[in-house]
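Structure at a glance
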Amino acid sequence: MRRAVPPLLGLLALLLLPLLAIEPRAWLTLTVAGLAMGMLVFLVAAGLTLIFGLMDVLNFAHGALFSWGAYAGFSVALLVNGRWGWADSPSVLANAGLLLLAVAGAVVVSSALGIVLERVIVRPVYGQHLFQILITLGATIVLEELIRIAWGPNDQVMPVPVTFKGSWDVADLVVVLRFPIIAIALGAAVYAGMWWLLHRTRVGLIVRAGVENNEMVQVMGHDIHRYFTAVFAAGSALAGVGGLMWGMFNQSIRPAMGGEQLIFAFIVVIIGGLGSVTGSLIGALLVGLSYNYVAYLVPKAAIGVTMAIMVLVLLVRPTGLYGTGK
Amino acid sequence: MSGAGGLTPVQAARAAARRRRWREPTALLRLGVLIAWALLPATAPSFQTLDLALKIALFATLAASYDVVIGYTGIVSFGHAMFFGFGAYAVALAVGKLGAPTYGHLLLGFLVGIAISATVALVIGAFSLRVKALFFAMITLAFAEFALILAVQWSPLTGGEDGLSPKLPGVFAAGASGLVGLSGRLVTYYTVLAVCVGCFLVMRRFVHSPLGRTLQAIRDNELRAEALGYRTFVFQLVASSFGSVVATVLGGCYTLWVRYVNPESALGIPIMLDVLLMVIIGGIGTLYGGIVGAAVLLTARTLLPNLRGLGATVFAGSEILQRLSERWLLYFGILFVLVVFFFPKGVLGTLREVVARRRRAATPEA
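Residues numbered from 1 in each chain as written. Chains lettered and ligands numbered in written order. Predicted model: local features only at pLDDT ≥ 70, side-chain atom pairs only at ≥ 80, totals over all residues.

1. Focus: the overall build of chain A
A tally of regular secondary structure across chain A gives 12 helices and 4 strands. Taken over the C-alpha trace, chain A has a radius of gyration of 20 Å; the compact-globule value for 326 residues is 20 Å, and the two agree within 12%. With respect to the principal axes defined by its C-alpha atoms, chain A has extents near 60 × 50 × 35 Å. Burial status across chain A gives 54% buried among its 326 residues. (Helix = DSSP H or I, 4+ residues; strand = E, 2+ residues; numbered from the N terminus. Rg over C-alpha atoms; globule rule 2.2 N^0.38 Å. Buried ≥ 20, exposed ≤ 12 C-beta atoms within 10 Å, placed from the backbone.)

2. Section: the overall build of chain B
Counting secondary structure elements, chain B contains 17 helices and 0 strands. Looking at chain B alone, contacts between residues at least 24 apart form 72% of all its contacts between residues at least 6 apart. (Contact = placed C-beta atoms within 7 Å.)

3. Focus on unusual backbone geometry
Residues and elements named next belong to chain B. Even without glycine at this site, Arg 259 takes up a positive phi of about 60°. If you check the backbone angles, Leu 287 has positive phi at about 65° while not being a glycine. Relative to the elements of secondary structure, Leu 287 occurs in the loop between helix H13 (269–282) and helix H14 (289–314).

4. Examining the environment of Gly 85 of chain A
Residues and elements named next belong to chain A. As for its placement among the helices and strands, Gly 85 is situated in the loop between helix H3 (62–84) and helix H4 (92–122). Note on Gly 85: 12 C-beta atoms within 10 Å, which makes it exposed. Sequence-wise, Gly 85 and Gly 288 are 203 residues apart; in three dimensions their C-alpha atoms are separated by 33 Å.

5. Brief notes about the environment of Tyr 291 of chain A
All names here are of chain A. Within the secondary structure, Tyr 291 is located in helix H11 (residues 277–297). The spatial distance from the C-alpha of Tyr 291 to the C-alpha of Thr 29 is 13 Å, given a sequence separation of 262 residues. If sequence neighbours within four positions are ignored, Tyr 291 has contacts with Gly 34, Met 37, Ala 302, Val 305 and Thr 306.

6. Side note on the environment of Ala 151 of chain B
All names here are of chain B. In this structure, Ala 151 sits in helix H6 (residues 133–153). In sequence terms Ala 151 and Glu 264 are 113 residues apart; their C-alpha atoms lie 9.7 Å from each other. Leave out the neighbours within four places in its chain, and Ala 151 touches Tyr 89, Thr 158, Pro 263 and Leu 267.

7. Focus: the interface of chain A and chain B
Counting from both sides, the interface comprises 29 residues of chain A and, opposite them, 29 residues of chain B. Within the residue set of the side of chain A that touches chain B, elements represented by two or more residues are helix H5 (129–151), helix H10 (257–272) and helix H12 (302–316) of chain A. Per-element tally for the side of chain A that touches chain B: the top contributor is H5 of chain A, with 14 residues.

8. Focus on helix H8 (residues 184–208) of chain B
The end-to-end C-alpha distance of H8 of chain B is 36 Å, a good match for the 36 Å that 25 residues give at a rise of 1.5 Å each. For H8 of chain B, the set of buried residues is Arg 185, Val 187, Thr 188, Tyr 189, Val 192, Leu 193, Cys 196, Cys 199, Phe 200, Met 203, Phe 206 and Val 207 of chain B. (Expected span 1.5 Å × (residues − 1).)

9. Brief notes about the confidence of the model for chain B
Per-residue confidence for chain B averages 82 on the pLDDT scale, and 87% of its residues sit at or above 70. When pLDDT is averaged over each element of chain B, helix H11 (residues 232–258) of chain B comes out on top at 91 and helix H15 (residues 319–326) of chain B at the bottom at 66. (pLDDT = per-residue confidence, 0-100.)

10. Let's talk about the packing of helix H3 (residues 47–70) of chain B against H11 of chain B
Residue and element names in this part refer to chain B. Contact pair H3 / H11: the axes reach a minimum separation of 8 Å and the direction vectors enclose 165°. In this view, H3 runs roughly antiparallel relative to H11, as classed from their interaxial angle. Between H3 and H11 lies a crossing of left-handed hand. Between H3 and H11, the contacting residues are Leu 54, Leu 58, Thr 61, Leu 62, Ser 65, Tyr 66, Val 68 and Val 69 on the first element and Ala 239, Ser 240, Phe 242, Gly 243, Val 246, Ala 247, Leu 250, Cys 253, Tyr 254 and Trp 257 on the second. Here the contact of H3 with H11 is composed, by residue class, of 14 nonpolar, 4 polar and no charged. (Axes fitted to C-alpha atoms, helices over the stretch in contact; angles between N-to-C directions. Parallel < 35°, antiparallel > 145°, perpendicular 65-115°, else oblique. Left-handed = near helix turned anticlockwise from the far one by under 90°. Nonpolar A, V, L, I, M, F, W, Y, C, P; charged D, E, K, R; others polar.)

11. Re the packing of H13 of chain B against helix H16 (residues 328–342) of chain B
Residues and elements named next belong to chain B. Where H13 contacts H16, the two axes come as close as 10 Å, and the packing angle between them is 40°. Classified by the angle between their axes, H13 and H16 sit oblique to one another. With respect to the hand of their crossing, H13 and H16 are arranged in left-handed fashion. Each of Leu 277, Ile 280 and Ile 281 in H13 lies in contact with H16, whose residues at this interface are Phe 332, Phe 336, Val 339 and Val 340. The residue inventory of the contact of H13 with H16, partitioned by class, reads 7 nonpolar, no polar and no charged.

12. What about the nonpolar core?
Counting 223 residues, the largest nonpolar core has Leu 40 and Val 41 of chain A together with Val 275 of chain B as its most contacted members. With 21 residues, the single largest contributor to this core is helix H2 (residues 24–55) of chain A. Beyond its immediate chain neighbours, meaning those up to four positions away, Val 275 of chain B contacts Phe 59, Leu 62, Ala 63, Tyr 66, His 80 and Ala 81 of chain B. (Core = buried A, V, L, I, M, F, W, Y, C linked by C-beta atoms within 7 Å.)

Structure below.
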């Protein structure tokens with residue numbers, strides 16, 4: 001894993017460099033927010049990059065699945081809170097239960113949509129990039145409009161469980177927002193889970209082999225299309241969870257949120273290298289951190305800096321940090 | 001080896017095509033469309049019709065310039081509306097912000113817009129086309145979003161969300177009576193129409209040139225083209241930059257006609273989707289398909305508000321039904337998916353296929 005070292009060093013430098021310009025307490029808050037944002041973008045980018053790596057499909061509908069996950073989770077949260085008041089109750093258990101149920105709702109809805117998308121829309125156009133892009137773009141328009149019809153076109157306020165609102169004071173010195181910590185923990189857990197799945201199980205082995213050379217996997221007697229559907233569903237589920245968490249992070253959701261997040265995810269996937277989950281994680285953290293630092297120092301340059309990182313990475317490594325150049 | 005008359009087979013085929021050119025029924029059709037557009041101001045009942053007609057011409061040309069990139073070169077760009085916006089903003093800024101408007105300012109606006117677009121297109125292409133044409137789609141999308149945010153945030157220069165409404169110089173100005181007693185509007189109409197026709201001719205030349213043929217070869221099979229010794233990267237770069245520059249010129253014309261530019265009307269992702277839809281409906285890789293696509297889409301868009309009012313009265317009882325009738329973009333999306341699925345060649349492409357099949361049936365030999 002010698003290749004992993006330079007990007008990690010870059011990440012570390014990026015973490016510490018802003019300390020020159022920002023006072024330590026603000027730096028800590030920004031770092032936590034940046035890591036949380038990075039982890040949430042990672043959830044979206046991980047699915048995107050895996051789907052691309054395995055199936056060679058650039059899925060523009062990923063952003064719509066993100067929105068659908070957020071809205072599905074929102075409906076579950078609203079329902080649960082309306083019936084038992086789990087979001088407003090001070091009990092940690094009830095709060096966690098609400099979060100779990102909402103996540104389950106997001107996972108079920110967005111993975112189901114993902115399966116439908118893969119089977120109906122994407123499967124007929126495997127191998128034709130132009131039509132893949134066009135057709136998933138069409139699906140995005142339809143899915144986003146369906147949200148506007150089902151939930152209305154306006155912003156909705158996301159119910160956030162009490163335990164995860166506000167902040168923890170550590171020794172009266174540092175104030176740490178609670179929700180970002182949850183998001184970071186979730187992102188880290190997802191990454192660990194994906195790593196274990198990809199590197200320590202038989203399914204993961206086949207998926208990785210498929211990324212490497214999917215014809216060979218077929219020749220070995222595996223039904224690659226079943227794995228395609230499974231990976232598409234898993235990627236969609238991750239996007240859905242990402243959408244829900246992003247909605248809770250901002251405490252509001254909008255039908256167009258997915259499209260905006262998709263652009264971040266694209267940048268992250270390009271930085272990390274198409275098809276690499278680790279690359280996506282590093283890319284997402286880079287983008288999340290630098291976005292927050294720069295937004296604090298020079299608010300208007302925030303989007304520009306993520307673009308600058310992307311351009312810089314492409315200059316040095318045209319295939320992205322961990323890309324194989326496939 | 002050259003053939004009997006000192007011509008290579010390719011040259012002979014081209015000469016034959018050139019002789020046939022004016023005998024094709026579509027040549028007359030094209031001429032007819034052009035004459036209709038030229039005569040329209042004399043017969044148009046209202047300004048709204050005139051406005052719609054010119055916008056169709058403008059967006060048809062824009063769709064054609066996008067077709068050069070997506071249909072003839074096979075690279076998907078989401079930055080085409082951005083280049084259109086560069087032109088629109090460059091002209092609006094040059095004419096509106098540098099003191100009293102003159103023709104020099106107008107020219108300057110176009111030239112600066114073209115220079116910026118060409119540079120940006122080359123830079124984006126240099127980053128993304130090197131590895132994979134797919135990168136281009138993602139990176140242009142990111143850049144387009146960046147340009148949109150820039151236009152909104154940099155309000156001292158761009159006017160932010162409110163945009164700019166520049167005053168035009170000389171014969172283009174509203175009240176001025178021009179050369180032969182034409183009003184400023186009409187002078188603008190004919191100028192923009194002439195630019196559109198000019199752009200079409202240039203693009204036609206471009207795609208039928210040896211360069212254009214190489215591009216189509218790359219689109220059809222990149223590996224083969226590379227194996228034949230073409231540097232595909234350079235060709236793709238040239239094509240995407242060419243398309244972007246044409247889009248910039250059209251953006252400038254848009255400002256000239258509408259006299260107003262804001263981020264939403266000239267730069268946004270919705271414009272990009274419109275143009276994409278026009279190309280798909282008209283037929284990808286047909287150049288003239290954009291005319292059909294633009295006519296269908298813009299006419300529908302103009303008539304839709306009336307339909308929406310109708311929907312509100314018919315479905316007054318049910319909120320869901322009312323919402324369903326309001327979300328016309330949903331139907332565009334469904335139409336889009338269906339067209340891509342069942343008529344991937346669009347209206348013009350499908351027509352051409354039918355005609356070609358019939359011709360083949362008529363002359364079984366050949």
